[in-house]
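Take a look at the letters that make up each chain.
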Amino acid sequence: MIRAGRRRAAGRGKPIAGRGKRIAAFASLPVLPLAWFVALQEHPPWMPAAYIAYLLIVIVVPGTMFWRRLTGGVGWFSADIVLGTAFGLAVEALVYPIGMLFKMPFAALLMPALALGVWRALPRRKLPERPTPWWAIAGAMVAVGVAAAWFVRVGSRLIPLNGPQALRPDSDAPHSLALAGEVTHHFPPRVPYADGNWLTSHWTAYDHIASAHWITSVPLDVLTHRMVPFAWILLTVLGAAAVGMMLTGRAVAAPIAAGLVVAAGDLVAWPWAVSDRVFADGPFSLGQLTNPPQAFSTVLLLPLIAVTAVLLRRQTAKTRGELFRLFVAAGVLIAALALTKATALPVYATGLAVAWIYLTVRAGRLNLRALVLGVGVATAYALTFFFVLRGAASSVRFDPGATFESLADRMGGGSAVPVIAAIVVVGWVMPVVGALLIKRRLAHDPMLVFLVGGFVAAVLGASLLADRGDTQLFFIRTGFMFGVLLATWGLGSLERRQYWIAAVALAIGVAAIYWGRYRSDKSCTSGSCFGQGLVVALVIAAIGIGVFGLVLRGSRRTWAVIAVAVLVGTTVSPTVASVRKFASPPLTSYESIAPGGIEAARFIRRNSGSDDRIATNVHCHQARASHCRTGSYWIAGYAERRVLVEGWAYQTRVDDTYPASVQGPYADQERLQLNDEVFSNPTRQVIETLRTKYDVQWLLLDDRVSAPPKNLDKLTELRFQLGSVRVYQVFPPPPETPFPPRTPTPTGSPTQTPTSPANPTNPTNTSSFPTNSQSPGQTQPTQPFPTGSLPTGSVPTVSLPIGSLPTSPTFPTGSAPTKQPTSPGPTSP
């Protein structure tokens, strides 16, 4: 009876313990919203609140419904929520351009209704699920907290939005903002900073930014440089945790994968690895923050890997309907990924091809599932090349070793190229050693072959290919996630008693690489100098492996755990180290944006239609430089309007180290000459050609580039002036006969005396001078009254009533009514 009572008491205690664990798990969840608002504390609270509400209602809930109905889930509801959110972003990326074709920028609001329809239409079935342990959720939340701390201290400071530093960015941030503004207002998109040609680059990442801008009214620069990158970083951390759980079948993989995304990187021993700018190859890098397509492709890649695992593993029998729904989910992700980043789909496709060959050889017959996925990838890539990129030739070339030569040049040159190449390649490959811990019974898993094949393809792509902007490095940034999943799979295969051994070994590896980096001289440029830091790190790692292994006197498996964990630990990224201090933004030494330029561009945005065009004399990244670096994009970015000719260095970063040999002349010299003539020798004919042929309604002049022509304010109207920038508005020329001639009075009718046009009592009087349209509360810099806003003699001399002109205008006189868009369309928030 006593024993029976104890069993009953134990039985009664289990639900209580289970509830306690669930409560502990839910108690860690507030870390996510807290991290969100803390990381974005520099902005008014309504902005992060509006975006998170949009994400929950339009993306998270519908995306999870889509994901669970199409794929059947991955076995954990928490993982389904994360992967479903990424899937919802993929659906939004395809829905938004369709809506823009019909002038419906709010099309994403239809996603909840669409998801409900899919949920009710597809057959329901009970999904096998396991509860996520509280410690797994808590461990992932720790990684989220580290990511938020990094964003506060480093990420949010790399691209200044306000103050004097905002005028000195390199070209990457304004370029992303210009593309976001273009996708916000036009579809199909054109090159906004050199209007006239179709945009032959990937733009899907900007669909989410544009849709969020329309629905939440959060400013476009805040979304592009703050909220969306941070949201994608968090989704990458949590998405890796979800896929790690699915690959290993164990909840312990969640904190391991999340921790590796935050802390892992590559084996880098040179001084710039510990820079605040974080030149790592993971999500915590300047390349991720200034390149939204790369960050978005990482988010989309994770659910695609999960769907691929369900299809290739054949763990459970699937009906034809279930297979069809899985292929639909994969097709949506492949289509979105093909439109997002050129370096992402080839890495996935290579891994898929290797897995298909492996499965085909092993089974002795064609593997149709992998073949169908491969055909889908090829189709998506072909359609993207011909219809999105419009057959534009890639600038990527086959040039083995050029990547390492470029890295050597950045670090001072010298004869260190072979050493740098060895260090970089070893560092890239190091995370793959985690696969050595995967148990033998899983060695035949096709996903292991898939991940190894994709990772090797990423390393080869970054090593053998070259591009003038070093874009080949994005191959390895895509492959980074493959390495994280391989290391997670290996570490997640350990027995429970082995985890404390792995933790100590990881600490040994971390200490080794940090001591090696600390020993590196900050001014070294020779091969021996770079090699010294790596040798020091590897010697310490080897000693740590030997001593720890001898102390434990373990089995071969124990020695393998120690060696692999130490090597994985040496790949720890400078991300965590950079949390100790604030970031130093990668600014230029000069003002690449004209003083007053941001305010001037925003003035044009407020007072123009989405189809208005701007002409400018700004083409160079640095005004009055001896060599013109044609990478200016800020006008198109902040004005959210197309510019006739601003910059034309389409694919290359422009900063202080920009080489002079990669630039060519603008493709349309006639257009460029006409554009520049209006700022050097303006005439009525030149202005009319710009207005009628190219639909230019605004002129933005930077007097650092050239002084304003004396007669420009007579042919146009000065609307705004601040700093070194002036904004003029172009109007049609006045009619030659502004007043119709009097009709001869018929014989016998009473004679009518015409009312003087200067008579203020005449309600039908139309003055030839425009009226001020300044909105209430709008403060503009004080401007002199421009004389002769219309050509002399264009209207008869009239007498104006007293008081019709302001004595101290804060706005150039008589700003004409703002020109409405030439074609009907939505108005930007």
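Residue numbers here run from 1 along each chain, matching the order of that chain's written sequence. Side-chain atom pairs in this predicted model are given and counted only at pLDDT of 80 or more, local residue features only at pLDDT of at least 70, and totals for whole chains, interfaces and linings cover all residues. Only heavy atoms go into the side-chain values, all of them from the structure, while hydrogens and water stay out.

Caption draft 1: How the structure looks around the side chain of S493. Under the scheme used here, helices are H or I runs from DSSP no shorter than 4 residues and strands are E runs no shorter than 2 residues, and both carry numbers assigned from the N terminus. When you line up the elements, S493 lands in the loop between α19 (473-491) and α20 (499-519). In protein, a polar contact means a hydrogen-donor-capable atom and an acceptor-capable atom, both N or O and within 3.5 Å, with residues adjacent in sequence counting only if both atoms are side-chain atoms; elsewhere, any N or O pair within 3.5 Å suffices. From its side chain, S493 meets the backbone oxygen of W489 in a polar contact 2.6 Å long. Here, residues are in contact when the closest pair of their heavy atoms is within 4.5 Å. S493 has contacts with R250, L437, I438, K439, Y499 and R557, leaving out every residue within four places of it along the chain.

Caption draft 2: Molecular detail of unusual backbone geometry. Across the junction of F187 and P188, the peptide omega takes the value 0 degrees, indicating a cis bond. By the secondary structure assignment, P188 is in the loop between α7 (172-185) and α8 (205-216). Although it is not a glycine, S217 sits at a positive phi angle of roughly 65 degrees. Its location among the elements puts S217 in the loop between α8 and α9 (220-248). Burial status follows relative accessibility: with a 1.4 Å probe on protein chains alone, a residue under 20% of its type maximum counts as buried, one over 50% as exposed, and anything between as partly exposed. By relative accessible area, which is 38% here, S217 ends up partly exposed. A positive phi angle is found at E640, which is not glycine, with a value near 55 degrees.

Caption draft 3: Just the state of the cysteines, in detail. The disulfide criterion is simple: two cysteine sulfur atoms within 2.5 Å. For the structure on display, the rule yields one disulfide. Paired by a disulfide, C620 and C628 hold their sulfur atoms 1.9 Å apart. Between C620 and C628, the S-S torsion sits near -105 degrees, and that sign places the bridge as left-handed.

Caption draft 4: Spotlight on empty space enclosed by the protein. With a 1 Å grid laid over protein atoms only, a set of points is called a cavity when a 1.4 Å probe fits there but cannot get out and a pocket when it is open yet has protein on both sides within 12 Å along at least five of seven lines; lining residues have an atom within 4 Å of a point. Grid points are joined across faces, edges and corners, and a volume is the space filled by probe spheres set on the points. Tallied over the full model, the rule gives eight cavities of 30 Å³ or more. Taken as a whole, the second largest cavity spans an internal volume of roughly 130 Å³. Forming the walls of the second largest cavity are 17 residues, and the residues nearest its centre are G265, W428, P431, F455 and F480. For the lining of the second largest cavity, the secondary structure elements donating two or more residues are α17 (417-429) and α19. If you tally residues by element for the lining of the second largest cavity, the top one is α19, at six residues. Split by residue class, the lining of the second largest cavity holds ten nonpolar, five polar and two charged. By the convention adopted, Pro, Cys, Tyr, Trp, Phe, Met, Ile, Leu, Val and Ala count as nonpolar, Lys, Arg, Asp and Glu as charged, and the other residues, Gly among them, as polar.

Caption draft 5: Molecular detail of the pattern of salt bridges. Take a side-chain nitrogen of Lys or Arg and a carboxyl oxygen of Asp or Glu: if they are within 4 Å of each other, that pair is a salt bridge. For the structure on display, the rule yields 14 salt bridges. For the salt bridge of R226 with E42, the shortest nitrogen-to-oxygen distance reads 2.7 Å. Placement of R226 in helix α9 and of E42 in the loop between α2 (31-39) and α3 (46-71) is noted, with a sequence separation of 184 residues between them. Overall, R226 belongs to the buried group, its relative accessible area being 2%.

Caption draft 6: Representation of the pairing of strand β5 (residues 696-702). With respect to burial, β5 is a largely interior element, seven of its seven residues being buried. Relative to β5, strand β3 (residues 613-616) is paired through four bridges, and the arrangement is parallel. Note that in β5 the partner of I614 across the bridge is W698. Pairing between β5 and strand β7 (residues 725-729): five bridges, direction antiparallel. In the strand pairing of β7, W698 is matched with Q729. By this definition, two strands are paired if DSSP reports at least two bridges between them.

Caption draft 7: A look at helix α27 (residues 684-693). Considered for burial, the residues of α27 that qualify are V686, I687, E688 and L690. Looking at the buried residues of α27, the elements they touch are α26 (669-680), β5 and α28 (712-715). One or two positions beyond α27, positive phi appears at D695, with a value near 60 degrees.

Caption draft 8: Just helix α6 (residues 134-153), in detail. Taking 1.5 Å of rise per residue, the 20 residues of α6 would be expected to cover 28 Å, and the 29 Å separating its terminal C-alpha atoms lies within 8% of that figure. Every buried residue of α6 is listed here: A136, I137, A140, M141, A143, V144, A147, A148, W150, F151 and V152. Given a helix with a known number of residues, its expected span is that number minus one, times 1.5 Å.

Caption draft 9: Layout of the packing of aromatic side chains. Between 30 and 60 degrees the pair is tilted, below 30 it is stacked and above 60 it is edge-to-face, where a pair is any two Phe, Tyr or Trp rings, Trp via its six-membered ring, whose centres lie within 6.5 Å. Enumeration according to the criterion identifies 18 aromatic pairs in this entry. Taken together, the aromatic side chains of W36, Y51, F151 and F230 make up a single cluster linked through ring pairs. Note on geometry: a ring has a charge over it if NZ (lysine) or CZ (arginine) is within 6 Å of the ring centre and within 35 degrees of the ring normal. Lying over the aromatic face of W119, R69 brings its terminal NZ or CZ to 3.8 Å of the ring centre. Above the face of the W198 ring, R190 is positioned so that its terminal group lies 3.9 Å from the ring centre.

Caption draft 10: Here's a closer look at the packing of helix α12 (residues 292-313) against α19. Working convention: axes come from line fits to C-alpha atoms, limited for helices to the stretch in contact. Angles between N-to-C directions cover 0 to 180 degrees. Here α12 crosses α19 at 45 degrees, and the two axes come no closer than 11 Å. As far as their axial angle goes, α19 and α12 are oblique. Considering how the two elements wind past one another, α12 and α19 form a crossing that is right-handed. Residues Q294, T298, L301, L302, I305 and R313 of α12 lie in contact with α19, whose contacting residues are F474, R477, T478, M481, F482, L485 and W489. Across the contact of α12 with α19, the residue classes tally to eight nonpolar, three polar and two charged. Orientation categories follow fixed angle ranges, with anything under 35 degrees roughly parallel, anything over 145 roughly antiparallel, 65 to 115 roughly perpendicular, and all other angles oblique. Should the near helix be turned counterclockwise from the far one by less than a right angle, the crossing is left-handed, whereas a clockwise turn marks it as right-handed.

Caption draft 11: Main features of the packing of helix α4 (residues 77-101) against α12. Running from N to C, α4 and α12 point in directions that differ by 115 degrees, and their axes come no closer than 9 Å. Considering the relative orientation of α4 and α12, their crossing is left-handed. Note on element contacts: α12 touches α4 through F296, V299, L300, L302, P303 and A306, opposite L83, A86, L89, A90 and A93.

Caption draft 12: Summary view of the sheet that holds strand β6 (residues 717-722). The five strands lie next to each other as β4-β3-β5-β7-β6, forming an open sheet whose pairing is mixed. Since the sheet does not close on itself, it has two edges, and those belong to β4 (642-643) and β6, each with one partner.

Caption draft 13: Spatial organisation of the environment of A393. With respect to the secondary-structure elements, A393 resides in the loop between α15 (368-388) and β1 (397-398). What makes A393 exposed here is its relative accessible area of 72%. When the C-alpha positions of A393 and T200 are compared, they lie 9.6 Å apart, and in sequence the two are 193 residues distant.

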